[in-house]
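Understanding the architecture of this molecule
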Amino acid sequence: MALPVDSASGTLDLLPPWWRQAVVYQVYPRSFADADADGIGDLRGILSRVDYLSDLGIDAIWLSPFYPSALADGGYDVDDYRDVDPRLGTLDDFDDLLRALHSRDIKVVVDIVPNHTSNRHRWFQEALEAGRGSAARERYIFREGTGPDGLEPPTDWGAMFGGSAWERVADGQWYLHTFAIEQPDLNWNHPEVREDFLTTLRFWADRGVDGFRIDVAHLLAKDLTEPLPSSAELALMPKDGKHPLVDRDEVHEIYAQWRALFNSYDPPRTAVAEAWVDPSRIHLYARPESLGQAFNFDLLETDFDAAQFRRVISDNLALVAESGSSSTWVLSNHDVVRHATRYGLDPEAIGTRLPARHGGDWLVAGGDEAQLDRERGARRARAATTFILGLPGSTYLYQGEELGLHEVADIPASARQDPTFFRTHGEEVGRDGCRVPLPWAPDGSSFGFGDDGAHLPQPEWFARYAVSVEEADPRSTLHLYRTALRLRHELQTGEHLEWVETGRDDVLRFARPNGWHIVTNFGTEPYELDDAPVVLASTPTPLGVVPGETTVWLAPVE
Ligand code: GLC
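Residues numbered from 1 in each chain as written. Predicted model: local features only at pLDDT ≥ 70, side-chain atom pairs only at ≥ 80, totals over all residues. Heavy atoms only, no water.

**Overview of the overall build of the chain**
For clarity, the cut-off: Runs of H or I in DSSP of at least four residues are treated as helices and runs of E of at least two as strands, each being numbered from the N terminus. The globule rule used for comparison is 2.2 Å times the number of residues to the exponent 0.38, while the radius of gyration itself is calculated over C-alpha atoms. Relative accessibility under 20% of the residue-type maximum defines a buried residue, over 50% an exposed one, and the middle range a partly exposed one, all with a 1.4 Å probe and only protein chains included.
Across its full length, the chain holds 15 helices and 18 strands. Taking 2.2 N^0.38 as the reference for a compact globule, 558 residues should give roughly 24 Å; the C-alpha atoms of the chain span a radius of gyration of 24 Å, in line with that estimate. Taken along the three principal axes of its C-alpha coordinates, the chain extends 75 × 65 × 50 Å. Counting the 558 residues in the chain, one finds 59% classified as buried.

**Focus: the sheet that holds strand β5 (residues 166-168)**
Working definition: the strands of a sheet are paired by backbone hydrogen bonds and lie parallel or antiparallel to each other. Spelled out, the test is: Paired strands, as defined in this entry, are two strands with at least two bridges between them according to DSSP.
Taken in spatial order, the 3 strands line up as β4-β6-β5 in an open sheet, and their pairing is antiparallel. Edge positions in the sheet fall to β4 (142-143) and β5, since each has one partner strand and no second. Where β5 and strand β6 (residues 174-176) come together, 3 bridges link them in antiparallel fashion. Paired with Glu167 across the bridge in β6 is Tyr175.

**Some points on the site of the ligand**
Worth spelling out the cut-off: We call a residue near a given molecule or strand whenever any one of its heavy atoms falls within 4 Å of it. What qualifies as a polar contact is a pair of N or O atoms within 3.5 Å, subject to a donor-acceptor requirement within protein and to the restriction that residues adjacent in sequence count only when both atoms come from side chains. Only the protein chains shown count as cover for residues, and the accessible areas themselves come from Shrake-Rupley with a 1.4 Å probe. When residue character is reported, Ala, Val, Leu, Ile, Met, Phe, Trp, Tyr, Cys and Pro are called nonpolar, Asp, Glu, Lys and Arg charged, and the others, Gly included, polar.
Near the ligand you find 15 residues, and of these Asp73, Asp215, Glu274, His334 and Asp335 are the closest. Note that an oxygen atom of the ligand is positioned 2.8 Å from one of the side-chain N or O atoms of Glu274. Burial of the ligand by the protein amounts to 99% of the accessible area it has alone, namely 310 Å². Taken together, the residues of the shell around the ligand sort by class into 4 nonpolar, 3 polar and 8 charged.

**A few points about the packing of aromatic side chains**
We apply this condition: Think of it this way: a Phe, Tyr or Trp ring, Trp meaning its six-membered ring, pairs with another when their centres are within 6.5 Å, and the plane angle makes it stacked under 30 degrees, edge-to-face over 60, tilted otherwise. Whether a charge sits over a ring comes down to the Lys NZ or Arg CZ being within 6 Å of the ring centre and within 35 degrees of the ring normal.
For the structure shown, the criterion picks out 39 aromatic pairs. When the ring of Trp62 is compared with that of Phe295, the centres are 5.6 Å apart and the planes differ by 35 degrees; the resulting orientation is tilted. One end of the pair, Trp62, is in strand β2 (residues 60-63); the other, Phe295, is in the loop between β9 (292-294) and α9 (306-323), with 233 residues separating them in the sequence. Across the pair, exposure class does not vary: Trp62 and Phe295 are buried alike. Ring geometry for Phe309 against Phe522: centres 5.1 Å apart, planes inclined by 50 degrees, an arrangement best described as tilted. In this pair, Phe309 is assigned in helix α9 and Phe522 in the loop between β14 (517-521) and β15 (527-528), connecting sequence segments 213 residues apart. Across the pair, exposure class does not vary: Phe309 and Phe522 are buried alike. Here the aromatic residues Phe304, Phe309, Tyr343, Phe387, Trp499, Phe510 and Phe522 are joined through ring pairs into a cluster of three or more. Sitting above the plane of the Trp440 ring, Arg49 keeps its charged end 4.0 Å from the centroid. In this arrangement the basic side chain of Arg137 is found over the ring face of Phe142, its NZ or CZ atom lying 4.5 Å from the centre.

**A short note on the packing of helix α12 (residues 374-389) against helix α15 (residues 477-491)**
How we decide: Between N-to-C directions, angles span 0 to 180 degrees; the directions come from axes that are lines fitted to C-alpha atoms, helices contributing only their stretch in contact. Comment on the angle field: the value is read as roughly parallel under 35 degrees, roughly antiparallel over 145, roughly perpendicular from 65 to 115, and oblique elsewhere. By the definition used in this description, the sense in which the near helix is turned from the far one sets the handedness, with an anticlockwise turn below a right angle giving left-handed and a clockwise turn giving right-handed. Should any heavy atoms of two residues lie within 4.5 Å, those residues are considered in contact.
Here α12 crosses α15 at 15 degrees, and the two axes come no closer than 10 Å. Overall, the two elements α12 and α15 adopt an arrangement that is roughly parallel. The interaxial crossing formed by α12 with α15 has right-handed handedness. Taken together, the residues of α15 that come into contact with α12 (itself represented by Arg382, Thr385, Thr386, Ile388 and Leu389) are Thr477, Leu480, Tyr481, Ala484, Leu485, Arg488 and Leu491. Grouping the amino acids of the contact of α12 with α15 by side-chain chemistry returns 7 nonpolar, 3 polar and 2 charged.

**Quick look at the confidence of the model for the chain**
For clarity, the cut-off: For every residue, the predictor states its confidence as a pLDDT score lying anywhere from 0 to 100.
Predicted confidence across the chain gives a mean pLDDT of 93, with 94% of residues reaching 70 or more. Scored below 50 in pLDDT, residues 1-13 makes 12 contacts in the model with residues more than four places away or belonging to other chains. Within the model, the stretch residues 351-355 combines pLDDT values under 50 with 14 contacts to residues more than four positions away or in other chains.

**Here we look at the environment of Arg139**
Tracing the backbone shows Arg139 in the loop between α4 (122-130) and β4. Of the residues examined, Arg139 reaches a relative accessible area of 8% and is grouped as buried. Sequence separation between Arg139 and Val193 is 54 residues; the distance between their C-alpha atoms is 6.7 Å. Setting aside residues no more than four positions away along its own chain, Arg139 makes contact with Trp123, Glu126, Leu186, Asn187, His190, Glu192 and Val193. Among the polar contacts made by the side chain of Arg139, one reaches the side chain of Glu192 at a distance of 3.1 Å.

**A look at the environment of Val169**
By the element assignment, Val169 lies in the loop between β5 and β6. A relative accessible area of 11% places Val169 in the buried class. Val169 sits 23 residues away from Thr146 along the chain, and the two C-alpha atoms are 14 Å apart. Beyond its immediate sequence surroundings of up to four residues, Val169 is in contact with Leu128, Arg137, Phe142 and Tyr175.

**Some points on the pattern of salt bridges**
Put simply, the test is: For this analysis, a salt bridge means a side-chain nitrogen from Lys or Arg found within 4 Å of a carboxyl oxygen belonging to Asp or Glu.
Applying the stated criterion across every chain, the model contains 35 salt bridges. Close ionic contact of Arg104 with Asp51 constitutes a salt bridge, the shortest N to O distance being 2.5 Å. Here the residue Arg104 occupies a position in the loop between α3 (91-103) and β3 (107-112), and Asp51 occupies one in helix α2 (residues 50-56), the gap between them amounting to 53 residues. Residues Arg139 and Glu126 are paired through a salt bridge, measuring 3.2 Å at the closest nitrogen-oxygen approach. Remark: Glu126 occurs in helix α4 and Arg139 occurs in the loop between α4 and β4; sequence separation between them is 13 residues. The class of Glu126 is partly exposed, set by a relative accessible area of 30%.

Written out as structure tokens, the structure reads:
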């Protein structure tokens, strides 16, 4: 293939960077594969499945945190950013895994959690010991309480996982934790905090990691000038870069420094922001001089509906054009109800729209099986995934979705781990249902996950979705993903699409610059097609027809 030549300089213009159109597969390490039989997935477990990842055809994996952690928040409570949790392995295991993945041409993205450390982090322990007024407390956000004897928290702010966002320590001061009690927020105005994260980024970049996923990237910068506003006052403030807690303009000074560091490597390291901000401000994170890419979570809140999909896609393609980045499509991750399950529930029947984040009402109600149409959910999930895999930009897949896995709803209270469950006294069940260890085989103590059980209980029906079962079935979801990812290499040229009218409100069709067409029938009535060979179909498709809730890919006619 001829490389494009930059006409101004006469030099070879490099091909677009790998991440622009990559398929990135998220591994939640504690639930992927367990090599040392302790019920917790580990790095050697992932290493033992590198062939599986390679056969899937992904371009990169994103590893959720594997650092030492008491698991108060599934590893997002980090004790030490430059080490591996001993239950998950060692730094040598990490290097072996990195080497094995790179030898298969799979890039590696690691998760950086900069808004908070864990309460077991050396700094927080020092802060507790050093007492009020100490330099060690300056790295966090400590304040005096209010009310008689300071027994009330400094403000009425609530934490994301429920309860107050402040916790009192033995000497009577309070510290801020936006998430769990065990996740004290860092003070990003402190030079040592900034410096130490640069050291962490260098530590992993020097080891050879290709990129970073930045956890709650929009929360680091805070203005905590007294008097602190109440939560009612906060709620009324616009999120325009000046809000005291969220998406402040200054946060980009931090990322400009990080970008300089990333660009000092060859090739430059990539980064993707997890930033839950107003769509009009997402481009600030996705700019090349900032993190370079940002997650777009709109599809997590979108029904299986043609008009909604079309709007989200058009809006997001317009937004990325503003930043010069590429779009990111996400249907599932470790924080939301799996999309096969979301699409298998009828919002009207369960009396509510299903919020993807933090569980959803269906799960709160105990996940009544009678309300879930598993077949329909799986069918729609296959159609939605093959639709987004045809779009320009990168796609983030979450482990287990390639098996068509559903959310596990019936986890007993005694086995639950998510802090959301505990802090809301069970009112919100939280995110354990999408984090249940993967089934690799239809039998064994943990369906092939490991040799000694699984840290979250796996249901009987996992047997049907086991990797070995799906490998043996050419009509399985796993085979669909493999075929789609293989064909995607031919389809992904250019970063544009053109909508093609279909004559039906519930059928979407778009064309890619090289002549591939993607057609999705979001309705239930079959849609007739009289052109082009179908090279991929998300459900078995008779000639000339796109059945209901199905996507087909049409190759250009030679
Ligand atoms: C992000 C993570 C989530 C975690 C939270 C706090 O939203 O994706 O899992 O609980 O940040 O670190």
